[in-house]
Amino acid sequence: MSIFDPIQQFDHEQVVLCSDKSVGLRAIVAIHNTVLGPALGGTRMWTYKTDEDALKDALRLSRGMTYKSALAGLNLGGGKAVILGNPKTDKSEAMWRAYGRYIEGLSGRYITAEDVGTDTKDMEYIRMETKYVSGISQAIGGSGDPSPVTALGVYVGMKATANELFGTDSLAGKSVVVQGAGHVGQFICEHLSKEGAKIYISDIYEDRVKEVVDKYNAEAIDPDKVYDVDADIFCPSALGAIVNDDTIPRFKFKIIAGAANNQLLDEAKHGKMLIDKGILYAPDYVINAGGVINVYYELEGYHRDRALKHAEGIYDTLKKVYAISKSENIPTYTASNKLAEERIRNVGHVRQKYVGSSKFSGRLGELHKNV
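Residues numbered from 1 in each chain as written. Predicted model: local features only at pLDDT ≥ 70, side-chain atom pairs only at ≥ 80, totals over all residues. Heavy atoms only, no water.

> How would you summarise the packing of helix α6 (residues 183–195) against helix α7 (residues 206–216) if you had to cite specific residues and measurements?
Describing two packed helices takes the angle between their axes plus the distance from one axis to the other. Their axes nearest at 10 Å, the elements α6 and α7 cross at an angle of 20°. The orientation of α6 with respect to α7, classified from their angle, is roughly parallel. In the crossing of α6 with α7, the sense of the turn from one axis to the other is right-handed. In this structure, α6 contributes Gln186, Cys189, Glu190 and Ser193 to the contact, and α7 contributes Arg208, Glu211, Val212, Lys215 and Tyr216. Considering only residue class, the contact of α6 with α7 consists of 3 nonpolar, 2 polar and 4 charged. (Axes fitted to C-alpha atoms, helices over the stretch in contact; angles between N-to-C directions. Helix = DSSP H or I, 4+ residues; strand = E, 2+ residues; numbered from the N terminus. Parallel < 35°, antiparallel > 145°, perpendicular 65-115°, else oblique. Left-handed = near helix turned anticlockwise from the far one by under 90°. Contact = heavy atoms within 4.5 Å. Nonpolar A, V, L, I, M, F, W, Y, C, P; charged D, E, K, R; others polar.)

Right, dumping it as structure tokens:
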């Protein structure tokens, strides 16, 4: 197999390998599409089994970011980066700053942010070497942790999905399995608790589970049994590819609506299996777009209320996806892909016209101001 085969499968523009042995840096930056604007997407740090697994993850995640930003109505393209390493033991200031130098070398084609295994402090180290980073502390002009905005989007998206299936968007009395008790998962549980939902929580870290159980009167579920719970809604909010040949036969859920990226191991195959089981799937890059919405407003000059208001619009976007899915008799992920590709195509056509010189706004320049 050619090294270009996986890169060209979804028409990625650029893949950059970053290596600095002296600080333990091994990273992959994948830029999928920049038609709508600079590629924005988080940097994930994970202990991948193989380098090929890391590349595959970067490619899948970056493509998802293209579609996510397009459907969220943002002037951003799609990118993602992965760092191969243990996020609990392999981090250092030197590693992050070396990584920041590679980001700076891309001259704004890729803007990074936090993701699984990374946090605001890591972004601040990167910020020492490049301005092309978001999700930094409010103390230095950033927006801080994007998790609350991501969680709000998932929550309203869950309500839109419930409305589509049950005829009401009320989650009171509904049972919800939240897989992942990280920042986003915990904020989702807070919303669900306030509305009176029955919460089941699962995570590989017992201390996180205990915190959610104590705060929100949730019921702890063993990670190995999370797919067997008889509940209304499954909210995957950890790693992706958890909807697959092994897990789908175990599902008793009516809805899948969660924060994790790339939840379907194989879109076509497993999307159809969910339809056959009568499970309504909220396309992950639609429902979890609150994070990228949040950092987009950071680039413009951050205001939390604007970000939250925009994230609430995920409700209407999902209703549009479900309407197309129903009228054209196509899977929900196909409907959302179609909407995203339509915006990319239309805006791409507009941007073919030469209009002179212009730059982006916020910390990265002046938006729509001719120079």
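> Describe the packing of aromatic side chains, listing the residues and the values that go with them.
Evaluated as defined, the whole model comprises 8 aromatic pairs. With 5.6 Å between their ring centres and 85° between their planes, tyrosine 67 and tyrosine 285 make a pair best called edge-to-face. One end of the pair, tyrosine 67, is in helix α2 (residues 51–71); the other, tyrosine 285, is in helix α9 (residues 284–287), and 218 residues separate them in sequence. Note on phenylalanine 251 and phenylalanine 253: the rings are 5.3 Å apart at their centroids and 55° apart in plane angle, and the pair reads as tilted. Neither residue differs from the other here; phenylalanine 251 and phenylalanine 253 are each classed as buried. Grouped by ring-pair contacts, the aromatic residues Tyr227, Phe234, Phe251 and Phe253 constitute a single cluster. (Phe/Tyr/Trp six-rings, centres within 6.5 Å; stacked < 30°, edge-to-face > 60°. Buried < 20%, exposed > 50% of the residue type's maximum accessible area, 1.4 Å probe, protein only.)

Fair warning: the whole summary comes from geometry, so function is off the table for now.
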